[in-house]
Structure formats: structure tokens, C-alpha cells
Amino acid sequence: MKFVPRSRLAPARSLVTALATALVVLSGCSASGDGSGKGSAGFGLDDPAKKEIAMRLVSSAENATLDWKAQYKYIQDIDDGRGYTAGIIGFCSGTGDMLKVVERYAATRPGNPLERFLPALRAVEGSDAHDGLGRPFTDAWAKAAADAAFRSAQDAERDHSYFDPAVRQGKDDGLGALGQFIYYDAYVMHGAADSGGTVGFRTMRREALAAAEPPSRGGDETTYLNAFLDARVTAIRKEPSHSDASRIETAQRVFVREGRFELETPLRWKVYGDSYRIDGP
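From a predicted model like this one, the values you see are computed outputs, not experimental measurements.

Here's the deal with unusual backbone geometry
Then, number 1: Residue Pro266 is bonded to the preceding Thr265 through a cis peptide linkage, with omega at 5°.
Then, number 2: Summarising the element assignment, Pro266 is placed in the loop between α10 (246-257) and β4 (267-271).
Then, number 3: Phi is positive for Tyr272, close to 50°, though the residue is something other than glycine.
Then, number 4: Following the sequence through the fold, Tyr272 ends up in the loop between β4 and β5 (274-278).
Then, number 5: Overall, Tyr272 belongs to the partly exposed group, its relative accessible area being 37%.

See below:
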């Protein structure tokens, strides 16, 4: 993650004063950002409390609720050209990540009710078709959510394909928890690479780097994050299935403006006209 020098002890102080100041400095080692926009020492998004906040933020945009744990059973065709959208971050039958979830589930729970749909999921990848799926599949998906092994399969695919790569790249770029979340949300909505008329995370990052330096290269964090968000808004408006950029303009951009580089609570935002807040971890 990013690191910024903290206040230093004055050379000439009484022992008591020096010790008290040292305690303040030590307590700040894992504290929130200093609001300068130049980087701050703190927990990464992979800290459990920060990850919980990230999941709630994504759920507000993907499912219009902060209760992300209730979304394992969710499945619906939202007419975005990606077939069925389902689960905790919107795995899609058309993009292949839904297939990976079911494959993971089959590996740990052979003979589960979703396993028989694997051939159909492989066949519909790259399209919005429901061939071989339909109501039997959506019912089986919803029922499988009661199985801890299926929930673990969703968690594992989320981490492997979206969360972990986003956090790793965010840390490499010197970003705090907010920047890592901004990367993660872009991964969830757009994927890593361009495909089928969509602009992927890698293209957005490349455009952001052309406009501003990240903290890891000595750049200002606020400036860089706004450059990335600018690239993402442009990407959203290029996609035929997306046009509303409120998850950027009335949520993530708000956090950047407020200097919440470590996703410090309270957080207040709007997505698609609905208001949300998180008052604590």
C-alpha cells in the first residue's frame, strides 16, 4: 500500500513529552489518511473490516441493498446482453464467471444439483442465451445458496478473478483502501479486459496513467483517482447496456472529494438515486 512520513519527534523534549508523542506516532501507523491526497498509511482493502465495507458498497450498486450476504441466491436476466446475472457480485452466464462458480462448486460438492447444467453453461458462454438453463437452472441456483460449499465457491471466484487482482494492482499503484475499492468495483462491472463492446479495467488504468501519475510514482492520489474515474465514466457511456454513472459521480467521486482514502466511516453516498450510509465497520 502507500506510505507517507508521519510527524517526527522534536530533538529536544522532555522524556515524558517524547514518550507521549511517540505513542501518538505509533498509534497512527495503521490510521486513516491525512487528507492530503498524496497517500496515507493504513489498512488495505483486504483487511476484513474494509472488505466488508467494499462488499456493501458493491451490493448497493448491484442489488440496491447493503445486505450483500443475502445475494448468494440472487439470479435474473437483466437484459444487458450477458445472459443470467447472479450471486454476490453479478456472475454472468454470458461472460464465463458463472461457469467458473459452478465448476468450483462441483469440485467440492460432486453431484450437486447445479452440476448437470455445466454443459449448457459452457455452450452459452459468449451469448445471452438460456438454452439448456431456464427455470430449472435458476431454481437450482437459488436453492444451492443454502449450501455453504456453494457460497464458498462464489467467494473464491470473486476473490480469484476480481477482488485479489484489484487489490494487488491498487497496492502496486500506491493506493489506499478507497483506490483499491475503486479498482475492484471497475473489475466487477467491466472485467479485466475489453470484450464485446465493453471497456475493461486495464484500458481504464492505461488511460488514467496517461493523464496522471499514481502515488507509487510520486503522483497525487486525488488527481490520479479522478483521472481513473474519468476514464471509467467514459467507459460506462460507451457501453450499450450502461449509461448511468451515478455509482461514480454520487458515490466514489464523493469519497475522493472528502479525502476518505482509507474508506473511513461514516460513508454516505447515492447510487441510481437511492441513498445509503455506513456509520461504522
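Still more ground to cover, so stick around.
Focus: the side chain of Arg56
Then, number 1: Tracing the chain through its elements places Arg56 in helix α2 (residues 48-63).
Then, number 2: Although buried, Arg56 forms no salt bridge, and the nearest oppositely charged side chain, Glu52, lies 4.4 Å from it.
Then, number 3: Filtering out sequence-adjacent residues up to four positions away, Arg56 remains in contact with Thr65, Leu66, Trp68, Ile278 and Gly280.

Examining the nonpolar core
Then, number 1: Counting 78 residues, the largest nonpolar core has Leu114, Phe137, Trp141, Tyr184 and Leu263 as the members making the most contacts within it.
Then, number 2: Ranked by residues supplied to this core, first place goes to helix α7 (residues 177-190) with 10 residues.
Then, number 3: Excluding anything up to four places from it in sequence, Leu114 contacts Val102, Tyr105, Phe137, Ala140, Trp141, Ala144 and Phe150.

Topic: the packing of aromatic side chains
Then, number 1: Counting across every chain of the model gives 13 aromatic pairs.
Then, number 2: Ring plane angle 80° and centroid distance 5.1 Å describe the contact between Phe163 and Tyr184, whose orientation is recorded as edge-to-face. Taken together, the residues Phe163 in helix α6 (residues 148-172) and Tyr184 in helix α7 connect sequence positions 21 residues apart. An identical accessibility class is assigned to Phe163 and Tyr184; each is buried.
Then, number 3: Positioned above the aromatic ring of Phe163, the side-chain terminus of Lys51 is 4.5 Å from the ring centre.

A look at empty space enclosed by the protein
Then, number 1: Enumeration over the complete set of coordinates arrives at one cavity of 30 Å³ or more.
Then, number 2: Around the largest cavity, the lining residues are Leu57, Val58, Ser60, Ala61, Phe181, Asp185, Arg247, Ala251, Gln252, Phe255, Trp269 and Val271.
Then, number 3: For the lining of the largest cavity, the secondary structure elements donating two or more residues are α2, α7, α10 and β4.

Here we look at the sheet that holds strand β1 (residues 75-77)
Then, number 1: Taking strand neighbours across the sheet as the criterion, the three strands line up as β1-β2-β3 in an open arrangement whose pairing is antiparallel. Among the strands making up the open sheet, the edge pair consists of β1 and β3 (91-92).
Then, number 2: Direction of pairing for strand β2 (residues 84-86) relative to β3: antiparallel, over a ladder of two bridges. Counterpart to Ala86 in the pairing with β3 is Phe91.
Then, number 3: Its contacts with the sheet place helix α5 (residues 134-144) against β1 and β2, and it is angled at close to 5° to β2.

Focus: the layout of surface pockets
Empty space left among the atoms is revealed by rolling a probe the size of a water molecule over them.
Then, number 1: Reported here for the largest pocket is a volume of approximately 910 Å³.
Then, number 2: What lines the largest pocket is a set of 37 residues, and nearest its centre among them are Arg82, Cys92, Thr95, Val188 and Met189.
Then, number 3: Taken together, the elements giving at least two residues each to the lining of the largest pocket come down to α2, α3 (97-108), α6 and α7.
Then, number 4: A total of four residues in the lining of the largest pocket trace back to one element, the largest contributor, which is α7.

Overview of the pairing of β5
Then, number 1: For β4 and β5, the ladder comprises five bridges, and the chain directions are antiparallel. Across the sheet, residue Leu267 finds its bridge partner in β5, namely Ile278.

The rules behind the values
- Residues numbered from 1 in each chain as written.
- Predicted model: local features only at pLDDT ≥ 70, side-chain atom pairs only at ≥ 80, totals over all residues.
- Heavy atoms only, no water.
- Helix = DSSP H or I, 4+ residues; strand = E, 2+ residues; numbered from the N terminus.
- Buried < 20%, exposed > 50% of the residue type's maximum accessible area, 1.4 Å probe, protein only.
- Lys, Arg positive; Asp, Glu negative; His and termini not counted.
- Salt bridge = Lys/Arg side-chain N within 4 Å of Asp/Glu carboxyl O.
- Contact = heavy atoms within 4.5 Å.
- Core = buried A, V, L, I, M, F, W, Y, C linked by side-chain atoms within 4.5 Å.
- Phe/Tyr/Trp six-rings, centres within 6.5 Å; stacked < 30°, edge-to-face > 60°.
- Lys NZ or Arg CZ within 6 Å of the ring centre and 35° of its normal.
- 1 Å grid on protein atoms, 1.4 Å probe; cavity = no way out; pocket = protein on both sides within 12 Å on 5 of 7 lines; lining within 4 Å.
- Points joined across faces, edges and corners; volume = space filled by probe spheres on them.
- Pairing = 2+ DSSP bridges.
- Axes fitted to C-alpha atoms, helices over the stretch in contact; angles between N-to-C directions.

Keep in mind these numbers describe shape, not what the thing actually does.
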